[in-house]
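The lines below spell out each chain.
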Amino acid sequence: MALPAAQLPAAVAGMCPLQSGLAAGAPQHREHAGCDPGADSPAPHPGDRGWHTASLQPTRAPRKHALRVLDMTGLLDDGVEQDPGTMSMWDCTAAVARTCIAQQQGGTTEPGLAPVPVEVRVDLRVNRASYAFLREALRSSVGSPLRLCCRDLRAEDLPMRNTVALLQLLDAGCLRRVDLRFNNLGLRGLSVIIPHVARFQHLASLRLHYVHGDSRQPSVDGEDNFRYFLAQMGRFTCLRELSMGSSLLSGRLDQLLSTLQSPLESLELAFCALLPEDLRFLAQSPHAVRLKKLDLSGNDLSGSQLEPFQGLLQAAAATLLHLELTECQLADTQLLATLPVLTRCTSLRYLGLYGNPLSMAGLKELLRDSVVQAELRTVVHPFPVDCYEGLPWPPPASVLLEASINEEKFARVEAELHQLLLASGRAHVLWTTDIYGRLAADYFSL
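Summarised in this report is the structure supplied together with it. What you are looking at is a predicted structure, and each value in this text was computed from that prediction instead of being measured. The residue count restarts for each chain, going from 1 along the sequence in the order it is written. Local features in this predicted model are restricted to residues whose pLDDT is 70 or higher, and side-chain atom pairs enter the listing and the counts only when it is 80 or higher, whereas totals over whole chains, interfaces and linings include all residues. Side-chain metrics in this entry use all non-hydrogen atoms of the structure; hydrogen atoms and water are not considered.

**Here's the deal with the pairing of strand 5 (residues 177-181)**
Thinking step 1. In this scheme, a residue with accessible area under 20% of its type's maximum is buried, one over 50% is exposed, and one in between is partly exposed, where area comes from a 1.4 Å probe on protein chains only. A helix here means a DSSP run of H or I that spans at least four residues, while a strand means a run of E at least two residues long, and both kinds are numbered starting from the N terminus. Where burial is concerned, most of strand 5 is hidden: four out of the five residues are buried.
Thinking step 2. Assignment of crossover handedness uses the view with strands pointing away from the viewer, where a clockwise path from the first strand over the helix to the second indicates a right-handed crossover. Handedness of the crossover joining strand 4 (residues 146-156) and strand 5 through helix 5 (residues 160-169): right-handed.
Thinking step 3. Two strands pair when backbone bridges link them, and strand 5 and strand 6 (residues 205-209) are joined in this way by five bridges, in the parallel orientation. Its bridge partner lying in strand 6, valine 178 is registered against leucine 206. Strands are treated as partners if at least two bridges between them are detected by DSSP.

**Some words on the nonpolar core**
Generally speaking, nonpolar side chains in soluble globular proteins are found buried as a group.
Thinking step 1. Residue types Ala, Val, Leu, Ile, Met, Phe, Trp, Tyr and Cys, when buried and joined through side-chain atoms within 4.5 Å, form a set referred to as a nonpolar core. Within the largest apolar cluster, 112 residues are counted, with the highest numbers of intra-cluster contacts made by Leu206, Phe229, Met233, Leu242 and Leu256.
Thinking step 2. For this core, the element with the most residues is helix 3 (residues 89-106), which contributes seven residues.
Thinking step 3. The contact definition used throughout considers only heavy atoms, calling two residues in contact when any of these lie within 4.5 Å. When neighbours within four sequence positions are excluded, leucine 256 is seen to be in contact with Phe229, Leu230, Met233, Leu242, Met244 and Leu249.

**Focus on the side chain of aspartate 295**
Thinking step 1. Along the chain, aspartate 295 falls in strand 9 (residues 293-295).
Thinking step 2. Despite its burial, aspartate 295 pairs with no opposite charge, the nearest such side chain being lysine 293 at 6.6 Å.
Thinking step 3. Excluding anything up to four places from it in sequence, aspartate 295 contacts Leu267, Glu268, Leu269, Ala270 and Glu324. His is not counted, nor are the chain ends; Lys and Arg add positive charge and Asp and Glu add negative charge. Take a side-chain nitrogen of Lys or Arg and a carboxyl oxygen of Asp or Glu: if they are within 4 Å of each other, that pair is a salt bridge.

**Digging into the packing of aromatic side chains**
Thinking step 1. Aromatic contacts are taken between Phe, Tyr and Trp rings whose centres are within 6.5 Å, Trp giving its six-membered ring; a plane angle under 30 degrees counts as stacked, one over 60 as edge-to-face, and the others as tilted. This structure, assessed with the given rule, holds three aromatic pairs.
Thinking step 2. Every member of this aromatic cluster is reached through a ring pair, and the members are Tyr354, Phe383 and Phe410.
Thinking step 3. Whether a charge sits over a ring depends on NZ of Lys or CZ of Arg being within 6 Å of the ring centre and within 35 degrees of the ring normal. The residue whose ring lies beneath arginine 176 is phenylalanine 444, and the NZ or CZ to ring-centre distance is 3.8 Å.

**Thoughts on helix 10 (residues 306-316)**
For an α-helix, the turn length of 3.6 residues means that residues three or four places apart are oriented alike.
Thinking step 1. All buried positions along helix 10 are accounted for by Leu306, Pro308, Phe309, Gln310, Leu312, Leu313 and Ala316.
Thinking step 2. Where the residues of helix 10 are buried, they touch helix 9 (276-284), strand 9, strand 10 (322-324) and helix 11 (332-342).

**Concerning the environment of serine 191**
Thinking step 1. Examined against the element boundaries, serine 191 turns out to sit in helix 6 (residues 186-198).
Thinking step 2. Sequence separation between serine 191 and phenylalanine 229 is 38 residues, and the spatial gap between their C-alpha atoms is 5.3 Å.
Thinking step 3. Apart from residues no more than four positions distant in its own chain, serine 191 is found in contact with Asn225 and Tyr228.
Thinking step 4. At a separation of 2.6 Å, a polar atom in the side chain of serine 191 contacts the main-chain carbonyl oxygen of arginine 188.
Thinking step 5. Nitrogen and oxygen atoms within 3.5 Å of one another constitute a polar contact, given that in protein one can donate a hydrogen and the other can accept it, and given that sequence-neighbouring residues count only through two side-chain atoms. Among the polar contacts made by the side chain of serine 191, one reaches the side chain of asparagine 225 at a distance of 3.4 Å.

**A short note on helix 5**
Thinking step 1. If you check which residues of helix 5 are buried, you get Asn162, Thr163, Val164, Ala165, Leu166 and Leu167.
Thinking step 2. At its buried positions, helix 5 is contacted by strand 3 (118-126), helix 4 (131-140), strand 4, strand 5 and helix 6.

**Concerning the packing of helix 12 (residues 360-369) against helix 14 (residues 407-423)**
Thinking step 1. Every axis in this analysis is a line fitted to C-alpha atoms, fitted for helices over the stretch in contact. Angles between the N-to-C directions lie between 0 and 180 degrees. Where helix 12 meets helix 14, the axes come as close as 11 Å, and the angle between the chain directions of the two elements is 15°. By the criterion of interaxial angle, the relationship of helix 12 to helix 14 is roughly parallel. For the pair helix 12 and helix 14, the sense of crossing is right-handed. Listed contacts from helix 14 to Met360, Lys364 and Leu367 of helix 12 are Val413, Glu416, Leu417, Leu420 and Leu421.
Thinking step 2. In the scheme used here, Gly and all other residues not listed as nonpolar or charged are polar, with Ala, Val, Leu, Ile, Met, Phe, Trp, Tyr, Cys and Pro taken as nonpolar and Asp, Glu, Lys and Arg as charged. Grouping the amino acids of the contact of helix 12 with helix 14 by side-chain chemistry returns six nonpolar, no polar and two charged. Comment on the angle field: the value is read as roughly parallel under 35 degrees, roughly antiparallel over 145, roughly perpendicular from 65 to 115, and oblique elsewhere. Crossings are classed by handedness, with left-handed meaning an anticlockwise turn of the near helix from the far one by less than a right angle and right-handed meaning a clockwise turn.

Take a look at the structure:
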């Protein structure tokens, strides 16, 4: 019997000794729900009060009713849109880890009866504060009635050796995503970790946030590490999403993408200092015609990159659903020149333009032309340059993000945009400047 997270409360309460507070997804924090544990957060301990643990002591209930699979994946992560009735990824990680440790330390079995094995499918989030107890939980689940099957691993600010240690404990048949954030690995760190990641043959998503690896470094060691990283990337057979944010890939994108065995459907290259030749290669590659999600934030698309960027949009027009262009130095001139090809992306659902120096006139032109994009639901736009006082030109992104806005002017802009949406019969389309309130679409939800 396998149950999704949405059906856990009644099922767990009725058929399995797991307490219903854990199964229902209600955060059981001692402090508050949905916390984001940082480096100074206390590491949870199995003996802390306020946490529910599981007991798999056998009962006399007929085995045909025993719970076999507990699916706790897909619970919402911390964020402004989190449902207060669900667990965060962190809450789920801590609760499941405590349960596994408690079962290993205190589980008992009646003579003649073996506990019914339960496969616990879960997404795990780990940082320095939670690493030790999560490693203990993964170790204790080996050979235990509670078997942890991690679907998505999100590791934040972990030393290289700790990341490797966790990867070695995970079931190679379960993992679909590895998400490494703020780890400052560099190319040397990547070359150490990547072979451990490459053993997960079903991996569909690899996200390497803020790796800060400079692929252009002239040292022999740096070049060797980059080549080794590329060779390991060629081992992935099921990879569909790749994020290399803040990795300097100038003039090297062809080497990276050419190693992959299958076309990508989601590609995030934010702040990668891309050159025109990188965009031209991507436009002509097998990846372009399969892309559902593309993030080019932080790459300057205003100059010689504009034409190859337009070629990339043309190539991806039939499949693109999510386009993120935050802080790309796109002013009215560049936007208007791109609109003919942008509006050919008729399946586009999300467009992110925050942090670009656009005026109210440019936004109105975008709104009018996007009427042909029937699937468009969200546009995250910048505060128009008309609403700033004494803005230098061209304004750097830092100024657009930090300078003061004339609230009265912006209120008039919002009212006018709303009226234009109503007049065109598109009141359902959200036009907003709230970049933090709109969680980026996950690849697996596209």
